[in-house]
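These are the residues of each chain, in order.
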Amino acid sequence: MTDTEIHKGLAGVVVDTTEISSVNQETNSLLYRGYPVQELAAKCSFEQVAYLIWHGELPSDEELGAFEAVERGQRELRPEIRELIEQTPVSGHPMDVLRTAVSRLGSLETRFPDDEQSDYEKAVRLFAQLPAIVAYDQRHRHGMDPIPAREDLDYASNFLWMTFGELPDPVVIDAFGQSLVLYAEHSFNASTFTARVVASTLSDLHSGVVAAIGALKGPLHGGANEAVMATFAEIGSASRVEVWLDDALASKKKIMGFGHRVYKNGDSRVPTMKAALDALVEHYNRPDVLELYTALEQAMGERKNIKPNLDYPSGPAYHLMGFDTPTFTPLFAAARVTGWTAHFIEQQAHNSLIRPLSVYTGTPQRAV
Ligand SMILES: CC(=O)SCCNC(=O)CCNC(=O)[C@H](O)C(C)(C)COP(=O)(O)OP(=O)(O)OC[C@H]1O[C@@H](n2cnc3c(N)ncnc32)[C@H](O)[C@@H]1OP(=O)(O)O
Ligand SMILES: O=C([O-])CC(=O)C(=O)O
């Protein structure tokens, strides 16, 4: 059957089933393997959630211990990757560094056996190594040496340790851990769908992740958390919000961190991330950040009735934690590698080549 109705951007099109997560716009909910994401963020470590996303169940204490041992044992930055970061001009975007590093890591893996177990092991290796890449890349851009990973720390604490060389207050570690849980998985979003397209050709897992990183980089998707901070910097202070916004909307600009393809009444993850941002604002005593945040949210509501998405609170939260703005989207990628790889494996387990149709609107047939 040929359906000639065009679904631009695949909006509203259901292309497959998934057991990994469900995004429900009617109930404004997000479930990972059946668990509400808000509960997972409040009660579980990122490692527990990563395990859940891959295996379908939360780990027992024993399973978690074994999983953590494997992850902690593979955190160290490989010399090839360290060199790659050092050779990249500091003017390069960290998402380019990450994409190239994952591609290089893929070339260091053996292709066979090319089965589900080996893909899972590769996914865990990526999960373990992405923080070292992201952390060292930020340090390198600021002329600093890498900091070795610490096996005695959990994932979130070690990530912060490798980036800053010190452990922040538990409020900060908790906010960071929650952001990772919230970013980990979101069904058939653009980058995950990209990974599934790559999987559907029976390509390898690293190729899927490289492609997904490319899709995430754009400001309509993951790049928005970085763009939110650029917007805040451009606006400057809460008192300038209305003038800035009217001007931006008059020139038909998209306001970064607002709107969503699925959620039209607000992103299910925002209240949890906003609470984490509130805690950071108090911890760092930065009411100015909250004032600007609130003023822009309110003005967008009044003028367009469009609500914030997860990138809106996470941008300023990462800023307050001390990450530089170009590092924000790589942080998203480090969390989402769990979802991408789970979807890659699911796609190949029930595969059908993803290949939609198009309607040709070019020059009609003619002779050469
Ligand atoms: C974690 C994530 O990846 S969440 C997404 C992060 N991305 C962003 O924050 C970028 C800014 N937001 C956007 O560009 C959009 O809201 C998207 C791409 C996320 C979703 O887009 P779509 O589902 O295609 O919505 P669509 O573009 O059809 O928007 C409907 C209307 O709202 C407007 N609109 C939607 N988002 C915004 C926005 N952020 N700023 C201004 N106007 C907006 C559109 O211009 C459109 O108006 P129109 O009907 O007058 O043309
Ligand atoms: O689902 C989407 O379209 C984008 C998003 O929020 C995500 O990937 O987290």
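Everything quoted here is computed from the prediction, not taken from an experiment.

1. Let's talk about the overall build of the protein
No. 1: Scanning the protein from N- to C-terminus turns up 16 helices and three strands.
No. 2: Since a compact globule built from 368 residues should have a radius of gyration of about 21 Å, the 21 Å found for the protein is in line with a globular shape.
No. 3: Overall, the protein is about 60 × 55 × 45 Å in size when its C-alpha atoms are taken along their principal axes.
No. 4: Classification of the 368 residues of the protein by burial places 42% in the buried group.

2. Details of unusual backbone geometry
Generally, phi is negative for residues other than glycine and the peptide bonds are trans, each holding for most cases.
No. 1: Its identity is not glycine, yet Ser187 carries a phi of approximately 55 degrees, on the positive side.
No. 2: By secondary structure assignment, the location of Ser187 is in the loop between α8 (170-183) and α9 (190-200).
No. 3: By C-beta crowding, Ser187 is classed as partly exposed, having 18 other C-beta atoms within 10 Å.

3. Points about the site of ligand 1
No. 1: In the vicinity of ligand 1 there are 19 residues, among which Ala224, Ile255, Phe258, Gly259 and Arg261 approach most closely.
No. 2: Of the residues in the shell around ligand 1, the class split is eight nonpolar, seven polar and four charged.

4. Side note on the packing of α9 against helix α10 (residues 205-217)
Axes are the key here: two packed helices are described by the angle between their axes and the distance separating the axes.
No. 1: The interhelical angle for the contact between α9 and α10, taken along N-to-C directions, is 150 degrees, at an axis separation of 8 Å. By the angle class used here, α9 and α10 are roughly antiparallel. The handedness of the crossing between α9 and α10 comes out as right-handed. Together, Ala190, Ser191, Thr192, Thr194, Ala195, Val198 and Ala199 of α9 and Ser207, Gly208, Val209, Ala211, Ala212, Ala215 and Leu216 of α10 make up the contact between the two elements.

5. Here's the deal with the sheet that holds strand β2 (residues 29-32)
No. 1: If you trace the three strands from one edge of the open sheet to the other, you get β1-β2-β3, paired in antiparallel fashion. In this open sheet, the two strands that pair with only one neighbour each are β1 (21-24) and β3 (35-36).
No. 2: Of the strand pairs in this sheet, β1 and β2 are connected by four bridges, and their pairing is antiparallel. Directly across from Ser22, in β2, lies its bridge partner Leu31.

6. Here we look at the site of ligand 2
No. 1: For ligand 2, the full set of nearby residues is His186, Asn189, His260, Arg261, Val262, Asn309 and Leu310.
No. 2: Among the residues making up the shell around ligand 2, the classes are represented as two nonpolar, four polar and one charged.

7. What about the packing of helix α2 (residues 46-55) against helix α3 (residues 61-72)?
No. 1: The contact between α2 and α3 brings their axes to 10 Å, and the two run at 100 degrees. One way to sum up the angle between α2 and α3 is to call them roughly perpendicular. Seen from α2, the contacting residues are Glu47, Gln48 and Tyr51; seen from α3, they are Glu63, Leu64, Phe67, Glu68 and Glu71.
No. 2: Classifying every residue of the contact of α2 with α3 by side-chain character gives three nonpolar, one polar and four charged.

8. A short note on helix α15 (residues 311-321)
No. 1: Counting buried positions along α15 gives ten out of eleven residues, so the element sits mostly inside the fold.
No. 2: The set of residues buried in α15 consists of Asp311, Tyr312, Pro313, Ser314, Gly315, Pro316, Ala317, Tyr318, His319 and Met321.
No. 3: Its buried side turned inward, α15 meets α8, α11 (224-235), α13 (270-284), α14 (287-304) and α16 (328-349).
No. 4: Among the residues trailing α15, Gly322 stands out with phi positive, at a value near 110 degrees.

9. What about the confidence of the model for the protein?
If pLDDT is low for a region, its predicted coordinates should not be looked at in detail.
No. 1: Considering every residue of the protein, the mean pLDDT works out to 96; 99% of them sit at 70 or more.
No. 2: The complex model carries a pTM of 0.97, and its ipTM stands at 0.98.

10. As for helix α7 (residues 155-164)
No. 1: The element α7 is largely enclosed, with a buried count of eight among its ten residues.
No. 2: Where α7 is concerned, the buried positions are Tyr155, Ala156, Asn158, Phe159, Leu160, Trp161, Met162 and Thr163.
No. 3: Those residues of α7 that are buried lie in contact with α2, α3, α6 (116-141) and α8.

11. Some words on the nonpolar core
No. 1: Among the nonpolar cores identified, the biggest contains 95 residues, and Val49, Ile53, Leu98, Ile133, Val181, Val209 and Ile213 are the most heavily contacted of them.
No. 2: Counting contributing residues per domain, this core is built from domain 1 (37-193 + 331-349) and domain 2 (224-320), each supplying no fewer than three.
No. 3: Aside from chain neighbours lying at most four places away, what touches Val49 is Tyr32, Leu40, Cys44, Val181 and Ala184.

12. Section: the domain arrangement of the protein
No. 1: Domain annotation for the protein reports domain 1 (37-193 + 331-349) and domain 2 (224-320).
No. 2: Computed over C-alpha atoms only, the centres of domain 1 and domain 2 are separated by 26 Å.
No. 3: With 13 residues of domain 1 at the interface, the matching set in domain 2 holds 13 residues.
No. 4: Of all the secondary-structure elements, those providing two or more residues to the side of domain 1 that touches domain 2 are α1 (37-43), α8 and α16.

Rules of the game
- Residues numbered from 1 in each chain as written.
- Chains lettered and ligands numbered in written order.
- Predicted model: local features only at pLDDT ≥ 70, side-chain atom pairs only at ≥ 80, totals over all residues.
- Helix = DSSP H or I, 4+ residues; strand = E, 2+ residues; numbered from the N terminus.
- Rg over C-alpha atoms; globule rule 2.2 N^0.38 Å.
- Buried ≥ 20, exposed ≤ 12 C-beta atoms within 10 Å, placed from the backbone.
- Near = placed C-beta within 6 Å.
- Nonpolar A, V, L, I, M, F, W, Y, C, P; charged D, E, K, R; others polar.
- Axes fitted to C-alpha atoms, helices over the stretch in contact; angles between N-to-C directions.
- Parallel < 35°, antiparallel > 145°, perpendicular 65-115°, else oblique.
- Left-handed = near helix turned anticlockwise from the far one by under 90°.
- Contact = placed C-beta atoms within 7 Å.
- Pairing = 2+ DSSP bridges.
- pLDDT = per-residue confidence, 0-100.
- Core = buried A, V, L, I, M, F, W, Y, C linked by C-beta atoms within 7 Å.
- Domains from an automatic or database assignment.

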